[in-house]
Each structure stands twice: as structure tokens, then as C-alpha cells.
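Structure at a glance
Each chain, letter by letter, is given below.
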Amino acid sequence: MNSKLKFIVSSSVTEACNNSVLLLGPRGCGKTAVMELVLKDVLVEFPDMISVIRLNGMLHADDNCAIKEIARQLCLEHQLSFSKMVSFDDNSQFMIAMLRECGLAHKTIIFVLDEFDLFSQGKQRLLYSLLDAMQSVSSQAVVIGVSCRLDADQLLEKRVRSRFSHRKLLFLPPSKEESERLFKHIISLPTTSDLPDRYATEFNAKLHDILMSKRFKEIFEALTISDSTVSHLLKFLFCVVTQMDMKTGLLSIENFETARSIIQRQPKMEALQDCSILELYILVCMRRLEAKEESSYNFNSIMKEYKTIHDSFQTSDYYSRSVCLRAFEHLLQRQLVCFSDNRGNSQSVEFRPVKLLVSFHELHLGLKAYRSCPAILQKLMSA
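Residues numbered from 1 in each chain as written. Predicted model: local features only at pLDDT ≥ 70, side-chain atom pairs only at ≥ 80, totals over all residues. Heavy atoms only, no water.

Examining the pairing of strand β4 (residues 141-147)
Put simply, the test is: Buried, partly exposed and exposed residues are distinguished by accessible area as a fraction of the type maximum, computed with a 1.4 Å probe on protein chains only: under 20%, between the cut-offs, and over 50%, respectively. Numbering of helices and strands runs from the N terminus, with a helix taken as a DSSP run of H or I at least four residues long and a strand as a DSSP run of E at least two residues long. Each pair of strands is called paired provided DSSP finds at least two bridges between the two strands.
The buried fraction of β4 amounts to seven of the seven residues, a majority that puts the element mostly inside the structure. By the alternation rule, side chains of β4 split into A141, V143, G145 and S147 and V142, I144 and V146, which are all buried. Bridge count between strand β1 (residues 19-24) and β4: six bridges; the pairing is parallel. What sits directly across from V21, in β4, is I144. When strand β3 (residues 108-114) meets β4, the two strands line up parallel, connected through six bridges.

Have a look at this one:
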């Protein structure tokens, strides 16, 4: 990805052409890191031929705000005076003029649009103005969009999409094997360091035994199933090292378990431990409805599933409808369940469509950790 992006940017500079590209992939998979490395290399290679303008959709999604920020950065870059009172159209004309002037001076302007999908909301005047200005042979610019939405280009209006080059670089999160290799590489001690060779050897041998143990593999799987990004692994490793026994200077499996409990906040898991048995039944019923790919369901649908379970297994945990409704309302208050519409109080609670806010993994672990959880619920979750 590094070489592909660098080729696109470098060729735009050397061949005096315009380009646009999207970097797409889930958060934490290295999109921004790769982009920053490429920009650093290109700025070193062409120090006087590049100007970088940075925008973020979280801050500049409004068209007026975005075009004003572009004008501000262009003025700062070229030591011009900037006025906050200038209109959108005037700032657009200024941007077009600067693109033309930079093109004549063989200087490329690189526009970095982080959270690119947020710029596609509304009328998309900024994107249209920017990409339309790049159609001129006298302009020289590159637009790099960064987004965690893989369909970011499909959010563009037809007039904007027609001016976009449709280049996309897809980033994938590291695989489990790659994460394990990186994890071992970071935490192992180098034998060429200033540390005593005997200590480094003993530390790495102890670490190897830990990494090969079944307990560690369970910890690592639970850690990466929720977040497999490098930044998350680094935070986890920092917690592990802070738990190390300073007398021996060696790690233990308990250090990893403690670090996992520190770094993995599990508010939903904690909320499940305070639920009643009936509330657990309701959550499991909702999970079963979702597993059946029910597109929309409400409290009445949940009660039908609850009765089906009771009739099939003749459970002793069977309550009246009014009691179940109170338990359901309690789940709404605890934010384990929420309504999937925006009708407010115009419709009865029993008829409004709802959705589960607890993942299968969280619910499964919550039931396992629940002291008096009925065995039937565990069976229903695995069915």
C-alpha cells in the first residue's frame, strides 16, 4: 500500500497531473500511518514542490467551514492575509486561483480529507468545487480521502463521482497470526541490548512458555476479537509490563490476565451480572430472533419466542406478561435494549420495534459468568 500510494502522489508531482484516491479500511488498520509515511517521503523528495492541506470531516464537514479552512491554510502556506468574513463563493474562487498559480509554478497541492465519508453529507459543495477545479489543465493537485466506510465513494453525488478518479486502496486489519508475531516481536528482549545476556535469555524463555500456554491463547483471542488494532495491542502490552514482578524482572501469566481485565472495559458484562433470570431470558429470546434474521421485532414477538421456549422445555422460569413487560422496561433503562425507531411516545412500548445492544460474544460470556444462570439458557445460546 505504501508503494502504491507513493507512486500515485509522486507521479502527480513529476507528471504535473491531478489525482484522487481513497484509503479505505476499518479503524486502526494503518491507513493514516501509511499516508503519513508517504507524505513524509514525498516532502523530502520534493521539498519545494508540495503543499499539504489537511481537513477532518469531524471538524470541517460543513461546506462553509471546510472551504474557509482551506483558504486559511493556503494563506498561511503562502504568507497571505486571511479574512474570516469572506463568503463561500469568494473562498472557492481563491482556492481555484491558488490551484492555477501553483500549477503554473509546478507546485502540487495535496488535500488530505480525513473521515472522508462525512464530507459526502449535505450538498457536497466542497467536494464538487475541489474536484471540479482539478479538471483544469493548469491546476496541479491530489485529493487523498481517508475513511473507515468501504462504500465511501458510493455516497458521492453523480456530479461529484464523475469527477473522481475512483482509485481505492483497501486496508485490512492484521490477521491473528500477524498479530501474534508482532506481539512476540515487541515484548521479547533483544539479545544485543545492554541488558545481561543471561537475563534476556531467561526472560525470553519464560515468555515463550507463556505464549505457548492455553491460558494465554484464550486471553489473546478474547483481546483481539473486540479490537485487533496495533494501538490496542500496545496499550495491552504497556499494562502487562506495569504488572511485572520487579523483584524477579520476569513476566507471568497472571500479569497478562490482570492487564486484560484492566484494558477491556466491559460495562455490558457488568450490567448482565445485575440482571434477573427473567431479564436474561428476554435477552436470549431477542438473540434467537436476530439469529433467525427477523428484520423487525417487538415485545410481542419476544413473548411469542419466550412461550415457545417454555412449551418446548417446560421451564419453571415462566412469568406473566405484565411481569415480563416490567423486566423489558428495566432492560431499556439499563440500555441493554433500545428502540429501533424514532417515534417517541406515539406508540405503546409493546408494539415499537426494538434491537439488542449486547453482542453474541458479550451475552455468551455474561451467561457463563452468571452464578445462578439456568443451564437451559446456555443451551439455547449454543443452539
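Some thoughts on the UniProt feature "domain: ATPase AAA-type core" (unreviewed entry) in the protein
Counted only if it meets this: UniProt positions are given in the numbering used here, feature names are shortened, and annotations may be inferred rather than shown by experiment.
Listed under "domain: ATPase AAA-type core" (unreviewed entry) in the UniProt record, and renumbered for this structure, are residues 21-167. Strand forms 18% of residues 21-167 and helix 46%; the C-alpha atoms that close the span are 5 Å apart.

Some remarks on the state of the cysteines
Let me state the cut-off plainly: Our working definition of a disulfide is a cysteine sulfur pair at a distance within 2.5 Å.
Enumeration over the complete set of coordinates arrives at zero disulfides. C148 takes part in no disulfide bond, and the closest cysteine sulfur, belonging to C29, lies 9.2 Å away. Lacking any disulfide linkage, C373 is separated from the closest cysteine sulfur, that of C275, by 11 Å.

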